[in-house]
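As a plain string of letters, each chain reads:
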Amino acid sequence: MPKYLIAYRKTEESGQKPDWAVFTTDSELSLEAQAVKERVEKRMSVLGEKLWGNGEAVWIGNGRLDDVLYRRDEATPETSLVYGLIDA
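A few points on the structure. Each chain has its residues counted from 1, running along the sequence as written. In keeping with the model being predicted, local features are shown solely for residues with a pLDDT of at least 70 and side-chain atom pairs are shown and tallied solely at 80 or more, while totals for entire chains, interfaces and linings include all residues. Side-chain descriptors were evaluated using all non-hydrogen atoms of the structure, hydrogens and water having been removed beforehand.

## Topic: the overall build of the protein
How we decide: In this description a helix means any DSSP run of H or I spanning at least four residues, a strand means any run of E spanning at least two, and both kinds are numbered starting from the N terminus. Throughout, radius of gyration means the C-alpha value; the globule benchmark is 2.2 Å times the number of residues raised to the power 0.38. Burial here depends on accessible area, computed with a 1.4 Å probe over protein chains only, as a share of the maximum for the residue type. Under 20% is buried, over 50% is exposed, and the range in between is partly exposed. Contacts are assigned to residue pairs with any non-hydrogen atoms lying within 4.5 Å of each other. Accessibility throughout is a Shrake-Rupley quantity obtained with a 1.4 Å probe, and a residue counts as covered only by protein chains that appear here. The charge count includes Lys and Arg as positive and Asp and Glu as negative, but it does not include His or the ends of the chains. Every charge is mapped to an atom, namely NZ of Lys, CZ of Arg, CG of Asp or CD of Glu.
In terms of regular secondary structure, the protein is built from two helices and five strands. Element order for the protein, N to C, with α for helix and β for strand: β-β-α-β-β-α-β. Radius of gyration (C-alpha) of the protein: 12 Å, near the 12 Å computed for a compact globule of 88 residues. Viewed in the frame of its principal axes, the protein has a C-alpha envelope of about 40 × 25 × 15 Å. Taking all 88 residues of the protein together, 36% fall into the buried category. Across the protein, contacts joining residues at least 24 apart in sequence account for 60% of those joining residues at least 6 apart. Carbon and sulfur atoms make up 50% of the accessible area of the protein, which totals about 5300 Å². Positive and negative side-chain charges in the protein, numbering 12 and 16 respectively, have mean positions lying 3 Å apart.

Printed below as a string of structure tokens:
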């Protein structure tokens, strides 16, 4: 089963510098941008986090875990969510 990496920029308080939060999933639903947003919103509500940025979800492709994480860091500063496929 394919594994996807989902990363989002979050803050816990207003005025705080955003940090990346990252998790993985095996669900095929991760390919849909709306499903990615819903997963992130659910996770943030449980953890008490706030989404930072423009709310856009961006597909960053597939590759080894380190490649996908590197592409995450290359996202434009206003991008809120990125997701990609991790090669086995």
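Read on for the rest.
## Describing helix α1 (residues 33-47)
Count 3.6 residues to each turn of an α-helix, and residues three or four apart come out pointing the same way. Our working definition: Helices are assigned an expected span. That span is 1.5 Å times one less than the residue count. Read the arc as the range of directions from the helix axis to the C-beta atoms.
Under the 1.5 Å per step criterion, the end-to-end length of α1 is 21 Å for 15 residues, consistent within 8% with the ideal 21 Å. Where α1 is concerned, the buried positions are A35, V36, V40 and M44. Projected onto a plane normal to the axis of α1, the buried residues spread over an arc of 170 degrees and lie on a single side. Turned more than 90 degrees away from the buried face of α1 sit K42, S45 and V46, all of them exposed. Lining the buried residues of α1 we find β1 (3-11), β2 (19-25), β3 (50-51) and β5 (81-86). Positive backbone phi, at 70 degrees, marks G48, one or two positions downstream of α1.

## Concerning the side chain of E49
Using the following cut-off: A 3.5 Å cut-off defines polar contacts: any pair of N or O atoms within that distance qualifies, except that in protein one atom must be a possible hydrogen donor and the other a possible acceptor, and neighbouring residues in sequence count only when both atoms are side-chain atoms.
When you line up the elements, E49 lands in the loop between α1 and β3. A polar side-chain atom of E49 sits 2.5 Å from a polar atom in the side chain of Y8. Not counting chain neighbours up to four residues away, the residues in contact with E49 comprise Y8, K10, T11, E12 and M44.

## Quick word on the environment of E56
In this structure, E56 sits in the loop between β3 and β4 (57-63). Distance from E56 to K37, taken between C-alpha atoms, is 8.6 Å for residues 19 residues apart in sequence. Not counting residues up to four positions away in its chain, the partners in contact with E56 are K37, T79, S80 and L81.

## Remarks on the nonpolar core
Where we set the bar: By nonpolar core is meant a set of buried Ala, Val, Leu, Ile, Met, Phe, Trp, Tyr and Cys residues that side-chain atoms within 4.5 Å join together.
One finds I6, Y8, A21, F23, V36, V40, M44, A57, L81 and Y83 forming the largest nonpolar core, which totals 10 residues. For this core, the secondary-structure elements that each account for two or more residues are β1, β2, α1 and β5. Among the elements that take part in this core, α1 stands out by supplying three residues, more than any other. In this structure, F23 is in contact with Y4, L5, I6, Y8, R39, V40 and R43, ignoring residues within four places of it in sequence. Ranked by size, the runner-up nonpolar core spans seven residues in total, among them A7, I60, V68 and V82.

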